[in-house]
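As a plain string of letters, each chain reads:
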Amino acid sequence: MQNKGTDKKQQIKFFENSKIRSVWSEADQKWYFSVIDVVAALTESVNPRDYWF
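Just so you know, these numbers come straight off a predicted model, no measurement behind them.

Conventions and cut-offs
- Residues numbered from 1 in each chain as written.
- Predicted model: local features only at pLDDT ≥ 70, side-chain atom pairs only at ≥ 80, totals over all residues.
- Heavy atoms only, no water.
- Salt bridge = Lys/Arg side-chain N within 4 Å of Asp/Glu carboxyl O.
- Helix = DSSP H or I, 4+ residues; strand = E, 2+ residues; numbered from the N terminus.
- Buried < 20%, exposed > 50% of the residue type's maximum accessible area, 1.4 Å probe, protein only.
- Contact = heavy atoms within 4.5 Å.
- Patch = residues over 30% accessible without salt bridge, like charges linked within 9 Å, V, L, I, M, F, W, Y side chains within 5 Å.
- Areas by Shrake-Rupley, 256 points an atom, 1.4 Å probe, with all protein chains shown as cover.

S.K.: Is there a simple way to explain the pattern of salt bridges in this structure?
M.R.: Oppositely charged side chains may form a pair once their charged atoms are brought near each other. Tallied over the full model, the rule gives one salt bridge. Notably, a salt bridge pairs Arg21 with Asp37, separated by 2.7 Å at the nearest N-O pair. You can see Arg21 sitting in strand S2 (residues 18–25) and its partner Asp37 sitting in helix H1 (residues 35–43), a full 16 residues away along the chain. Taking relative accessible area as the criterion, Asp37 reaches 13% and is therefore assigned buried.

Right, dumping it as structure tokens:
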């Protein structure tokens, strides 16, 4: 799916039943993942943003 005319694609990935938001950059040829979603999946924390601070 295209993102408002840019070269990025957005997709939801699943890791052990946790949703992890991701964006594909055509220019970089890389996937970028939400750090907060990854922390939430790995720690099972109620508030994963606490790890960010």
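S.K.: What's the story with the side chain of Ser34 in this structure? I'm lost.
M.R.: For Ser34, the location among the structural elements is in the loop between strand S3 (30–33) and H1. Once residues within four sequence positions are removed from consideration, Ser34 is found in contact with Ile20 and Arg21.

S.K.: Would you mind going over a nonpolar patch on the surface with me for this structure?
M.R.: There is a patch of nonpolar side chains on the surface, built from Val35, Trp52 and Phe53 and spanning about 420 Å² of accessible area. We classify Val35 as partly exposed; its relative accessible area is 42%.

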